[in-house]
Amino acid sequence: MEEWARNPRGMAASTRHKGRKEKRELGEVRITTTRYATRIGLNKEIPKVEEYRTRNRDLPVSSNSRITELSNDYVDLIRLELIKTILEIVKSDKAGYCVPMATTTNLDLEGNLYYLSCKNYFKGAMIGEDGKQKCKDKCLGNNPTKIIPRFQTKFMVTDSNGSYAKVTMFESYISKEIKMTAIELLDHQNQSDDVPEELGVFIGREFVFKLGISHKWNLDRNSNSYTVANMTNTQNIIARWKNAYAKIIEDQLEVEFTTLQNNLCINRPG
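Below, the structure is looked at part by part. (Residues numbered from 1 in each chain as written. Predicted model: local features only at pLDDT ≥ 70, side-chain atom pairs only at ≥ 80, totals over all residues. Heavy atoms only, no water.)

**Points about the layout of surface pockets**
Item 1. As a volume, the second largest pocket reaches approximately 420 Å³.
Item 2. Lining the second largest pocket we find 16 residues, and of these Lys-154, Thr-168, Trp-217, Ser-225 and Thr-227 sit closest to its centre.
Item 3. Examining the composition of the lining of the second largest pocket, we find that three residues originate from one element, strand S11 (residues 225-232), more than from any other.
Item 4. Residues of the lining of the second largest pocket, tallied by class, amount to four nonpolar, ten polar and two charged. (1 Å grid on protein atoms, 1.4 Å probe; cavity = no way out; pocket = protein on both sides within 12 Å on 5 of 7 lines; lining within 4 Å. Points joined across faces, edges and corners; volume = space filled by probe spheres on them. Helix = DSSP H or I, 4+ residues; strand = E, 2+ residues; numbered from the N terminus. Nonpolar A, V, L, I, M, F, W, Y, C, P; charged D, E, K, R; others polar.)

**Brief notes about the pairing of strand S8 (residues 147-158)**
Item 1. With respect to burial, S8 is a largely interior element, ten of its twelve residues being buried.
Item 2. As paired elements, strand S5 (residues 114-118) and S8 share five bridges and run antiparallel to each other. Across the sheet, Tyr-114 pairs through a bridge with Phe-151, a residue of S8.
Item 3. Bridge analysis of S8 against strand S9 (residues 164-170) gives seven bridges, and the strand direction is antiparallel. Across the sheet, Phe-155 pairs through a bridge with Val-167, a residue of S9.
Item 4. Turn length for the S8-S9 hairpin, with the two strands adjacent in sequence and antiparallel, is five residues, and the turn residue Gly-162 shows positive phi of about 85°. (Buried < 20%, exposed > 50% of the residue type's maximum accessible area, 1.4 Å probe, protein only. Pairing = 2+ DSSP bridges.)

What follows is the structure, encoded as structure tokens:
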């Protein structure tokens, strides 16, 4: 490391993402990361590098330059243990996250499209003793904070099995899609109470959702309305989700077939 410190432009090796590990196994030296990819650059002028190369010169060398296209934001969307149908989510008795793929069918107009929140934080506003709206959380006791509207919009969604649920999308996902914040949209409408046509961009489109199942709202109150923790309609993620779901179904069928075979063998006369 001292050699590298004196020669900062000659970094011997650098890795991308955490979890670098070197493993010797069956006469091979492997440098990998526990997540995603490793980038290695070698400067032969550094003695430590040359010593390493000489020590392992007779070992076979192979490399895989394929780097995953999946960002950290979307990893959970194709995790096999999270992938569920809407019916499985509705029947779930455990809090946590699930990942269905579903199509938005229409806006749920029973609730509000927005909520009032602190400008500095995403906490909802409350009415203070002075009758003014204030931040529920970190701004209490400080100077009065500006209260602004943010998206908290519910949509009906259905999956390929015909099951329905409500999902609540918040500011970050809606504003990213329609290229407007809630404030900008309301200003564009001149504060009208009409349903914004801009929100129609979600209708009829297929998304992979990461939905939160909470004790308070879903399990205790038996609600089929879920909060969106992440979502995307990126075709790469949709294709991966479909492949993962197909693998789940294939494994289930294999287990059922094996169980059936075992039962037939047990019940066979003689």
